[in-house]
Amino acid sequence: MQIALIDYGAGNLTSVRKGFAAAGAVPVTPSDPAALTTADAIVIPGVGHFAATSSLGKAWRQAIADAIARGTPLFGICLGLQWLFDGSEEAPDCRGLGAMSGRCHRLPETVKIPHVGWNSLSIIRTSRLLSGIPDGTQMYFTHSYAAPVTDACVASTTHGALFAAVVERDGIVGVQFHPEKSGDAGIRLLSNFLDIVKATRPAVAIAPGS
C-alpha cells in the first residue's frame, strides 16, 4: 500500500510516519506531484500558519484534485484539515482546497491560545474514521485556528467555542488533533484510515514494513 505523505515545509512528518508505522503502514514522501497517480492514499499533515499551505502550488493542487476524482482517499491532519476548507482568516489571500465548505476561524481570546492539550471528542454521527472510538475519547490538540462545524463534521470539541474535530465526506477525512500523539486511540484512528484505503483498493494488501 502506497501512502503519499505530502511535504510542503509545514513540519511533523517524522511523528506522522511513526504513527502510521504503528498502525501498519509506512508512508512515502513524493517529490513530484506526478507520483500521486500511483498513490493509494494521500496524507496532508502540517502545523503552524495557514500561509504555509501556499507551498502546495498549482501542480500539487491539480494532482491532488485529480486523485480525489479517481477516488483516492485523502486525509488532512491539523493544518492539513484546515486546508481541506475554502480558506482561513489566518491568511485571507491563501486558498484552501475547497473540498469542504466554510472558512477556518481564530479561537476566541477568552481562552488560552494556542490551544495545546487534550480535549474530548463529541461524536455527532457514525464515521468510518471513528470506528471503535467511543464518544468522549480524548485526543491531543495544538492549534490557534479551527474549522467550522458543518454537515461534514462527524465529531466536534470545544475550546472557547465549538469547532470541528473530525470531518468526513466520502473518501476525504480530516482531524484537527494529532492522532500520532494521541496514544492508542490515535493509532486506532490511523488504522481506521488504512481500512478505508483498503476498502477503496481491495486488491492491495499491507505488507509488514511496507
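Here the structure is a predicted model, which means the values were calculated and not measured.

A. Local environment of the sheet that holds strand E1 (residues 3–5). Pairing is mixed in the open sheet, where seven strands are placed in the order E1-E2-E3-E12-E11-E10-E7. Either end of the sheet is taken by a strand with one partner, and the two such strands are E1 and strand E7 (122–123).

B. Summary view of the side chain of Asn-119. Mapped onto the secondary structure, Asn-119 falls in strand E6 (residues 115–120). Looking at Asn-119, the relative accessible area reads 12%, which means it is buried. In terms of polar contacts, Asn-119 uses its side chain to reach the side chain of Thr-157, at 3.2 Å.

C. Up close: helix H2 (residues 58–69). Here H2 is twelve residues long and its end C-alpha atoms lie 16 Å apart, about the 16 Å a rise of 1.5 Å per residue gives. Buried within H2 are the following residues: Trp-60, Arg-61, Ala-63, Ile-64 and Ala-67. The buried residues of H2 occupy an angular sector of 165° when the element is viewed end-on, so they sit on one face. The exposed set on the far side of H2, more than 90 degrees from its buried face, consists of Lys-58 and Ala-69.

D. A look at the sheet that holds strand E9 (residues 145–146). Taken in spatial order, the three strands of this open sheet run E4-E5-E9, and their pairing is mixed. The open sheet has two edge strands with one neighbour each: strand E4 (87–88) and E9. Sheet topology note: the strand E5 (residues 103–106)/E9 ladder contains two bridges and is antiparallel. If you follow Arg-106 over to E9, its bridge partner there is Tyr-145.

E. How the structure looks around helix H1 (residues 13–23). For H1, the complete set of buried residues consists of Leu-13, Val-16, Gly-19, Phe-20 and Ala-23. What you see down the axis of H1 is that its buried residues fit within an arc of 125°, all on one side. Set apart from the buried face of H1 by more than 90 degrees, the exposed residues are Lys-18 and Ala-22. Structurally, H1 contributes buried residues whose contacts are with E1, strand E2 (41–44), strand E3 (74–77) and helix H4 (183–200).

What counts and what doesn't
All residue numbers refer to position in the chain's written sequence, counted from 1. It should be noted that, the model being predicted, local features are given only for residues of pLDDT at least 70 and side-chain atom pairs only at 80 or more, the latter also being counted only at that level, while totals for whole chains, interfaces and linings use all residues. To get the side-chain values, take all heavy atoms of the structure and skip hydrogens and water. By the convention used here, strands pair only if DSSP detects at least 2 bridges between them. We count a stretch as a helix when DSSP gives it H or I for four or more residues in a row; a strand needs E for two or more, and each element gets its number in order from the N terminus. The buried label goes to any residue with under 20% of its type's maximum accessible area, the exposed label to any with over 50%, and the partly exposed label to all in between, with areas taken from a 1.4 Å probe on protein chains only. N or O atoms within 3.5 Å of each other form a polar contact, as long as, within protein, one can give a hydrogen and the other can take it, and as long as residues adjacent in sequence are counted only when both atoms are side-chain atoms. Multiplying 1.5 Å by the helix residue count minus one yields the expected span of that helix. When we speak of the arc, we mean the arc of directions from the helix axis to the C-beta atoms. Throughout, a residue-residue contact means that at least one pair of heavy atoms, one from each residue, lies within 4.5 Å.

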